[in-house]
Number of protein chains: 2
Amino acid sequence: MDAAEFRKRGKEMVDYIADYLEKIDRRQVFPDVEPGYLRPLIPDCAPQDPENFEDVFKDIEKIIMPGVTHWHSPYFFAYFPSASSFPALLADMLCGGIGCVGFSWAASPACTELETVMLDWLGKMINLPEEFLAGKDGQGGGVIQGSASEATLVSLLAARTKTIRQVQSEKPDLTEADIMGRLVAYASDQAHSSVERAALIAGVKMKNVSSDDTFSVCGSALKKVLDEDKASGLIPFFFCATLGTTPCCSFDKLLELGPICNKENIWMHIDAAYAGSAFICPEFRHLLNGVEFADSFNFNPHKWLLVNFDCSAMWVKKRSDLTSAFKLEPLYLQHHHQESGLVTDYRHWQIPLGRRFRSLKLWFVLRMYGVTGLQEHIRKHVRLSHQFEHLVLQDERFEICAEVVLGLVCFRVKGSNELNKALLKSINEAKKIHLVPCHLREKFVLRFAICSRTVESTHVTFAWQHISQLATDLLKTWEQNHHQQ
Amino acid sequence: MDAAEFRKRGKEMVDYIADYLEKIDRRQVFPDVEPGYLRPLIPDCAPQDPENFEDVFKDIEKIIMPGVTHWHSPYFFAYFPSASSFPALLADMLCGGIGCVGFSWAASPACTELETVMLDWLGKMINLPEEFLAGKDGQGGGVIQGSASEATLVSLLAARTKTIRQVQSEKPDLTEADIMGRLVAYASDQAHSSVERAALIAGVKMKNVSSDDTFSVCGSALKKVLDEDKASGLIPFFFCATLGTTPCCSFDKLLELGPICNKENIWMHIDAAYAGSAFICPEFRHLLNGVEFADSFNFNPHKWLLVNFDCSAMWVKKRSDLTSAFKLEPLYLQHHHQESGLVTDYRHWQIPLGRRFRSLKLWFVLRMYGVTGLQEHIRKHVRLSHQFEHLVLQDERFEICAEVVLGLVCFRVKGSNELNKALLKSINEAKKIHLVPCHLREKFVLRFAICSRTVESTHVTFAWQHISQLATDLLKTWEQNHHQQ
């Protein structure tokens, strides 16, 4: 395919994408396929000779679409949102066209510099303390990671290196293995599985801190476990606070936790993967109070800020904490400016070496929506979740299971877990809408997350009526079965 | 921006990208900017109100392009190639449009299933042993990682878990920390820095194995260090063999190393990040002989197989080795089919949780080039590197520093390292072409890598004439200075 054909096919693809997104509400949100559906539909091996674009293009509807879960359908209420917007799609096309690999400043200066400045823009939008910004000569700064999991891992690794060096300087007779064996990381029992995974990767212990009855970790709970662990000779070194937990969007109490971490010399990382985008609205910014105690902070514009995946924004107060944990300098990656102190080589801030020009997406989205446009988007989602909450509350058969703060509603039928499992099954088998569940303590709970950019009040009303009807049908047979038994 | 405007702007962007790539040879390959160039060119913070697309679009040429290193310029001979092709760009647009997040089968079945089948296609193209393929009921299979660094890390972590469990079952009194402190990973002294980094992340020791005078690791070198380490109580558990090292594209001797690793119960991972793409040509497939001894294998279609970044293909013989090292199952990520054994949940195969629909790029590229088209691309690059090699060899002032096997030529002026540093400096300051250096033992060496999809014989001839002229100029002043001293 030459440039001339790309011009033609690229424009067809633009139209295909526009059609797909404009009419996505007409597609069934969750596919009908069974595991293994795709293999029989395509050849066993790659073609020897080139095929033409028409044949490939036709197969999108024939082979791919039947197996797609439509994350941007206004009937998709599962997991958390995955962002999508037209400005981000345009920027990503440009990113692909330029196709640079930005592992060092010299590998493409614009790629590095735009990222640094965009993370400053974004930091200012959520009113992050100055220390987290790069500015012209700050010690902190931001970086785009691929996912919140990587941000958690990177911060945990930086904390591990820092602690090992510190302990070794105080007790030079301890080996690195001795210290590693005594390090403990902490996070809420509501924290995302990626925190446990980060500790697993880093080879350190990880303990859950009990959350309270609002599913938040408070200071006393952390204090208690720290005291116990220190008394038994362990070395607490890392605490991951969550703002907006995955099960129910609860918030750890930063203002209590932060001072404890600072006093105990524990790295505090804040994972606000979903909730972080909301902090661009002044009325939600208070949820971030206490960030001033943190060493690192992360949230995902690719969840809720209309920047397509992947774009996970991470800031640190001291960039040298990251770079000193990772820095290795083979000659083929060295360049003229790197020792000047003026440049950032982002490869020292992350797990992979290569990186795409992802800041273009932020640049396009922030400029073409403006802060007000993005605030509107957040506020619409929060409004819709409260609309759903009110609908649930008006039906006495149902209960709300956690405070609705942002765009997530946790709810269930009053009754057994089996009943709620059956309800979820009937919802997801009907495939009019798509939800996923969670556990809150011993309860099986349904999560209703406002996800799509184009979801409106009518979709929420439809979803509730549908759920309510399925519940009615279910309760009828459920009671009959119950009687018969 | 609504869908209607996206149709218009998307098409403008397609033309912009086509223009950019068609006329990329007219742009200076390496930018003129100094560190910090970008910040003064744009506002301090995000705009409050939306800007229009024209203003953003104009800034691409004004602010971004002056700071771009043009990786796809036919005058770019630095690092290794980063792939770019029109079919891959089209597929990436589609990937963005669908915008699903494929962490589990249910999150978008097509995303998972196409990936599994594409990795089988690709595995067959390089004639990987059957055990590495997923097929319908294989124990192995492939996955797309973001980078070779992640593939190395994931395989090292799987090996770590496997070894710890094995040692603990044999010696139940050893703690995990005891074992961790004794684990050792190995790689060539020519291996990529990401191997050392993976060991650093995993918290295990890493040792270099000396390469021979062809910069390859042979069996006896590995055997020697293993024997020493075992004698001193260490536990060797992981060896990363490199096919196509970054400094000079040398090849470790798999047929000697593989049996040793198998006998010693050491996980052998093969990193063929750059060279792997060449194995689709029968005449280069012999370089992969010995892969049958490996536990995991990785190469980057995003380097040399015309699939835009990121697309790093990794295969394992036993997928359970990966999943058992990582598997964590919170309820919100569980789904109906996952215990059926029929589905793949790729989140257990990788570091991040989220993942894009990257297999679309492979599907488009493999179909629209066909195997023959891709072979032609590889063969052209190898032909051009030999062309450059011949030009160097005809000039008595120069020497070739390592065997030219694929698309990389390592060369230098006969003389001091200072002289060669000065030559590289004059080349990169002239900015007609772009190269990076490496060290081969004590020698400072220039790397000439064939990179661009559109590079032709004329560009190589031009590059050589340019280098040769700069060398003539340099040697004149160099000798004068030398006389004066």
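Residues numbered from 1 in each chain as written. Chains lettered and ligands numbered in written order. Predicted model: local features only at pLDDT ≥ 70, side-chain atom pairs only at ≥ 80, totals over all residues. Heavy atoms only, no water.

Right, let's get into the overall build of chain A. When you go through chain A residue by residue, the secondary structure sums to 15 helices and eleven strands. The C-alpha radius of gyration computed for chain A amounts to 24 Å, which stays within 12% of the reference 23 Å derived for 485 residues, consistent with globular compactness. In terms of overall dimensions, chain A has C-alpha extents of about 70 × 65 × 45 Å along its principal axes. Across chain A, contacts joining residues at least 24 apart in sequence account for 73% of those joining residues at least 6 apart. Counting only carbon and sulfur atoms, one obtains 51% of the accessible surface of chain A, whose full area is about 16,600 Å². (Helix = DSSP H or I, 4+ residues; strand = E, 2+ residues; numbered from the N terminus. Rg over C-alpha atoms; globule rule 2.2 N^0.38 Å. Contact = heavy atoms within 4.5 Å. Areas by Shrake-Rupley, 256 points an atom, 1.4 Å probe, with all protein chains shown as cover.)

For the rest of this paragraph, the subject is the environment of Glu176 of chain B. Among the structural elements, Glu176 of chain B can be located in helix H6 (residues 176–180). Through-space distance from the C-alpha of Glu176 of chain B to that of Thr161 of chain B is 9.9 Å; in sequence the pair is 15 residues apart.

Here we come to unusual backbone geometry. Between Phe309 of chain A and Asp310 of chain A the backbone carries a cis peptide bond, its omega angle lying at 5°. Within the secondary structure, Asp310 of chain A is located in the loop between helix H11 (301–304) and strand S7 (312–316). A positive phi is found at Phe215 of chain A, a non-glycine position, where the angle reads about 65°. Tracing the backbone shows Phe215 of chain A in the loop between strand S3 (205–209) and helix H8 (219–231). Residues other than glycine seldom take positive phi values, yet Cys249 of chain B does so here, at roughly 60°. The topology assignment puts Cys249 of chain B in the loop between strand S4 (235–242) and helix H9 (254–264).

Such a bond, covalent and formed between the sulfur atoms of two cysteines, is termed a disulfide. All names here are of chain B. For the coordinates displayed, the defined rule picks out zero disulfides over all chains. No disulfide involves Cys261; its sulfur sits 10 Å from that of Cys240, the nearest cysteine. You can see Cys438 has no disulfide; the closest cysteine sulfur is in Cys410, sitting 4.4 Å from it. For Cys438, a relative accessible area of 1% gives the class buried. (Disulfide = S-S within 2.5 Å. Buried < 20%, exposed > 50% of the residue type's maximum accessible area, 1.4 Å probe, protein only.)

Glancing now at the UniProt feature "modified residue: N6-(pyridoxal phosphate)lysine" (unreviewed entry) in chain A. Using the residue numbers shown here, the UniProt feature "modified residue: N6-(pyridoxal phosphate)lysine" (unreviewed entry) corresponds to Lys303 of chain A. Setting aside anything within four residues of it in sequence, one finds Lys303 of chain A in contact with Phe80, Pro81, Ser82, Ala83, Ala273 and Tyr274 of chain A. (UniProt positions renumbered as here; feature names shortened; annotations may be inferred.)

Attention now goes to the sheet that holds strand S8 (residues 398–400) of chain A. Whenever strands of a sheet pair, they do so through backbone hydrogen bonds, lying parallel or antiparallel. Residue and element names in this part refer to chain A. An order of S8-S9-S11-S10 is seen for the four strands of this open sheet, with the pairing classed as antiparallel. The two strands at the open ends of the sheet, each matched to only one other strand, are S8 and strand S10 (436–440). Across the sheet, the mean angle from the axis of one strand to that of its neighbour is 40°, orientation sign disregarded. Direction of pairing for strand S9 (residues 408–413) relative to strand S11 (residues 443–449): antiparallel, over a ladder of four bridges. By the bridge assignment, Phe411 is partnered in S11 with Leu446. In the packing of helix H13 (residues 359–393) onto the sheet, the strands contacted are S8, S9 and S11, and the crossing angle to S9 comes to about 15°. In the packing of helix H14 (residues 417–430) onto the sheet, the strands contacted are S8, S9, S10 and S11, and the crossing angle to S11 comes to about 30°. (Pairing = 2+ DSSP bridges. Axes fitted to C-alpha atoms, helices over the stretch in contact; angles between N-to-C directions.)

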